Amino acid sequence: MNKKKVDNVINLSSKDRYGYLIRKVADFEKIFLICDSYGSLVTIGDSLSKCIPVWPEKEFAEIFLTNEWKNYKVKSFSLEQFLTWIDKATSEKYEIAGFPNLDLNAIVTTMDEIKNHLIYESSQYE
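As the structure is a prediction and not an experimental result, all values here were calculated from the model.

Engineer: What is the right way to look at the overall build of the protein chain in this model?
Structural biologist: The secondary structure content of the protein chain amounts to five helices and six strands. Along its sequence from the N terminus, the protein chain presents helices and strands in the succession α-α-β-β-β-α-β-α-β-β-α. Structurally, the protein chain occupies a C-alpha span of about 40 × 35 × 25 Å along its principal axes. The buried share of the protein chain, reckoned over its 126 residues, is 40%. Nonlocal contacts in the protein chain, meaning residues at least 24 apart in sequence, comprise 70% of its contacts between residues at least 6 apart. Of the side chains in the protein chain, 16 bear a positive and 19 a negative charge, and the two mean positions are spaced by 4 Å.

Shown next, in the form of structure tokens:
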């Protein structure tokens, strides 16, 4: 992916980036997260709300591998793996930050909401 496309997409509004996330993940059946060397997923937020950020393409997640996350890695999940993980993790009370930008602004959803959005969008491709 060229830098101009990355810059253009990352600078979209939170709502437009979230729509892009849902469409891309449904179409390519992959989603990207960041984890540490032990496989623990990174979270953003404060003590009241912990969000797991997700991205539609590896290049967008890699932008965040700097500063405190410089020793972390991008991990891809198939759509099926991600939906199965959501089913197992819903009791952990994390929310999902859908495609954050460089300021970590993102649409925040519950795990069930993003699951429903992805399932609905995937059904449009069948």
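Next comes the rest of the account.
Engineer: Where do I start with helix α4 (residues 79-89) in this structure?
Structural biologist: Along an α-helix, a turn takes 3.6 residues, which lines up residues three or four apart on a common side. Turning to α4, its buried residues are L79, F82, L83, I86 and A89. Taken down its axis, α4 places every buried residue within 130° of arc, on the same side. What points out from α4, more than 90 degrees from its buried face, is the exposed set E80 and K88. Residues of α4 that are buried sit in contact with α2 (14-28), β1 (30-35), β3 (50-54), β4 (73-78), β5 (95-98) and α5 (111-123).

Engineer: Hey, could you run me through α2 in this one?
Structural biologist: For α2, spanning 15 residues, the distance from its first C-alpha to its last is 21 Å, which sits close to the expected 21 Å at 1.5 Å a residue. Among all positions of α2, only R17, Y18, G19, Y20, L21, I22, K24, V25 and A26 are buried. Of the residues one or two after α2, E29 is the one with positive phi, at around 55°.

Conventions used here
Residues numbered from 1 in each chain as written. Predicted model: local features only at pLDDT ≥ 70, side-chain atom pairs only at ≥ 80, totals over all residues. Heavy atoms only, no water. Helix = DSSP H or I, 4+ residues; strand = E, 2+ residues; numbered from the N terminus. Buried < 20%, exposed > 50% of the residue type's maximum accessible area, 1.4 Å probe, protein only. Contact = heavy atoms within 4.5 Å. Lys, Arg positive; Asp, Glu negative; His and termini not counted. Charge placed at Lys NZ, Arg CZ, Asp CG, Glu CD. Arc of directions from axis to C-beta. Expected span 1.5 Å × (residues − 1).

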